[in-house]
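Structure assessment
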Amino acid sequence: MKIGFIGIGNMGGPMARNLIAAGHDVTVFDLSEDHVASLVNAGATGAGSARTAVSGVDVVITMLPAGPHVLNVYEGTILGSAPAGALLIDCSTIDVETSRIVAKMAADKGYPMVDAPVSGGVGGAEAGTLTFMVGGSDADFASAKPVLEKMGKTIVHCGGAGNGQAAKICNNMMLGIQMISVAEAFVLAEKLGLDHQKLYDVSSKASGQCWSLTTYCPVPGPVLTSPANRDYKPGFAAAMMVKDLRLSQGASKSFQAQTELGARALEMYERFTDSGNEGMDFSAIIKMVRDS
Ligand code: NAD
């Protein structure tokens, strides 16, 4: 299969590498010439423009920073330059409204399209174990699934256009809130003279149990692979959490949902990143909880 891949940064780079490893003929484009050169070394064909990258392909994949980039690349290049009937897959994390606008524009021009944001981070992208949350028709999901399976392990069809993005921002709002709840509980335990490991032993088996505790524990010790044991090197950077919480708050306003804890969590992560911690893992929020 011939695949055009646009946006080969931290996530798109390893995803494109997995497609090459699976035997696909991959043409890549990125604004960074270094990124293109590195993928060419890995077996891709380098393109000098997005237009060249999508010419003659069966599938176009985009992995771009945010909604405006996706809208711009779709409007400016992909729609019209990709061959008629080429399957369009946007894996970027963007706002639901832009995702649905782009899907409608693609449908109006006769292109099959899905939104397929991911969870699993750079590690998951490298290992080919990403989770894809997919929005689109049954037929378009069926076409996209074999391609996504080369880059991920869990592929969930979440409903119509934009529902992949909806699942992503709802999940990450839970994650952001839960990490703060776990951080606050450990800080309270410290004040009460309760050992970290003892709280972990109880809560990991009791009703406080959640991923932020058992996989990503924000204090060093109980979970050896958590970022707390490597001085909060990401992982999932606090800046990315801010991005995703802004998307969920934007959606809450547009769609009139009450998400008070989501709003509070966003305020806290913004305060954390504004004080120079944007590159730290989001679980380092415990330092701010402890010091405030
Ligand atoms: P990144 O900044 O490393 O990569 C984005 C790439 O897009 C860059 O290389 C940039 O040069 C390129 N780009 C921007 N505009 C372009 C254009 N017009 N044409 C061609 N290339 C262009 O970001 P990333 O970490 O790879 O994240 C990509 C997306 O994945 C984001 O939407 C992010 O929210 C999402 N995401 C990231 C992670 C993570 O852990 N990094 C996890 C899940 C989801």
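Everything here concerns the structure above.
What comes next concerns the included structure. Since the model is a prediction, treat every value here as computed from it, not as a measurement.

1. Things to note about the pattern of salt bridges
Once the charged atoms of two side chains with opposite charge are near each other, the side chains can pair. Scanning the model with the defined rule gives five salt bridges in all. In this structure, Glu270 engages Arg246 in a salt bridge whose closest nitrogen and oxygen atoms are separated by 2.9 Å. In this pair, Glu270 is assigned in helix 12 (residues 260-277) and Arg246 in helix 11 (residues 238-254), connecting sequence segments 24 residues apart. Here Arg264 ties to Glu267 by a salt bridge, and the two come within 3.0 Å at their closest N and O atoms. Here Arg264 and its partner Glu267 are both found in helix 12, three residues apart, which amounts to about one turn of the helix. Accessibility expressed as a relative area gives 42% for Arg264, which makes it partly exposed.

2. Focus on the site of the ligand
Surrounding the ligand, one finds 21 residues, the nearest of these being Asn10, Met11, Asp30, Leu64 and Lys243. Between the ligand and Pro65 there is a distance of 3.0 Å, counted from an oxygen atom to a backbone nitrogen or oxygen. Here an oxygen atom of the ligand and a backbone polar atom of Thr93 are 3.0 Å apart. When the ligand is considered free in solution it has 820 Å² of accessible area, and contact with the protein chains removes 84% of it. For the ligand, the cavity whose grid points lie within 2 Å of the majority of its atoms is the largest pocket. Its residues assigned to classes, the shell around the ligand shows ten nonpolar, eight polar and three charged. Viewed by domain, the shell around the ligand spans two of them, domain 1 (2-160) and domain 2 (166-291), each represented by three or more residues.

3. Overview of helix 9 (residues 196-203)
Along helix 9, the residues that are buried comprise Leu199, Tyr200 and Ser203. For helix 9, the angular spread of the buried residues around the axis is 100 degrees, confining them to a single face. Exposed and facing more than 90 degrees away from the buried side of helix 9 are Lys198 and Val202. Check the buried side of helix 9 and you find it contacts helix 8 (163-192) and helix 10 (211-214).

4. Focus: the packing of helix 5 (residues 96-108) against helix 8
Contact pair helix 5 / helix 8: the axes reach a minimum separation of 9 Å and the direction vectors enclose 165 degrees. One finds that helix 5 runs roughly antiparallel with respect to helix 8. The interaxial crossing formed by helix 5 with helix 8 has right-handed handedness. Two secondary-structure elements touch here, helix 5 through Val96, Ser99 and Arg100 and helix 8 through Asn163, Gln165, Ala166 and Ile169. Across the contact of helix 5 with helix 8, the residue classes tally to three nonpolar, three polar and one charged.

5. Notes on the side chain of Thr77
Checked against the element boundaries, Thr77 lands in helix 4 (residues 67-81). Thr77 has contacts with Ala50, Arg51, Asn72 and Ala82, leaving out every residue within four places of it along the chain.

6. Let's talk about the layout of surface pockets
Of the voids in this model, the largest pocket is the one considered here, and its volume is about 1400 Å³. Considering the residues around the largest pocket, the lining is formed by 46 residues, among which Met11, Met63, Val118, Gly121 and Met240 are closest to the centre. Contributions of two or more residues to the lining of the largest pocket are made by helix 4, strand 7 (118-119), helix 6 (121-127), helix 8 and helix 11. A per-element tally of the lining of the largest pocket places helix 8 first, with six residues. Its residues assigned to classes, the lining of the largest pocket comprises 21 nonpolar, 20 polar and five charged.

About the criteria used
- Residues numbered from 1 in each chain as written.
- Predicted model: local features only at pLDDT ≥ 70, side-chain atom pairs only at ≥ 80, totals over all residues.
- Heavy atoms only, no water.
- Salt bridge = Lys/Arg side-chain N within 4 Å of Asp/Glu carboxyl O.
- Helix = DSSP H or I, 4+ residues; strand = E, 2+ residues; numbered from the N terminus.
- Buried < 20%, exposed > 50% of the residue type's maximum accessible area, 1.4 Å probe, protein only.
- Near = heavy atom within 4 Å.
- Polar contact = N/O pair within 3.5 Å; in protein donor to acceptor, adjacent residues only side chain to side chain.
- Areas by Shrake-Rupley, 256 points an atom, 1.4 Å probe, with all protein chains shown as cover.
- 1 Å grid on protein atoms, 1.4 Å probe; cavity = no way out; pocket = protein on both sides within 12 Å on 5 of 7 lines; lining within 4 Å.
- Sits in = over half its atoms within 2 Å of the grid points.
- Nonpolar A, V, L, I, M, F, W, Y, C, P; charged D, E, K, R; others polar.
- Domains from an automatic or database assignment.
- Arc of directions from axis to C-beta.
- Contact = heavy atoms within 4.5 Å.
- Axes fitted to C-alpha atoms, helices over the stretch in contact; angles between N-to-C directions.
- Parallel < 35°, antiparallel > 145°, perpendicular 65-115°, else oblique.
- Left-handed = near helix turned anticlockwise from the far one by under 90°.
- Points joined across faces, edges and corners; volume = space filled by probe spheres on them.

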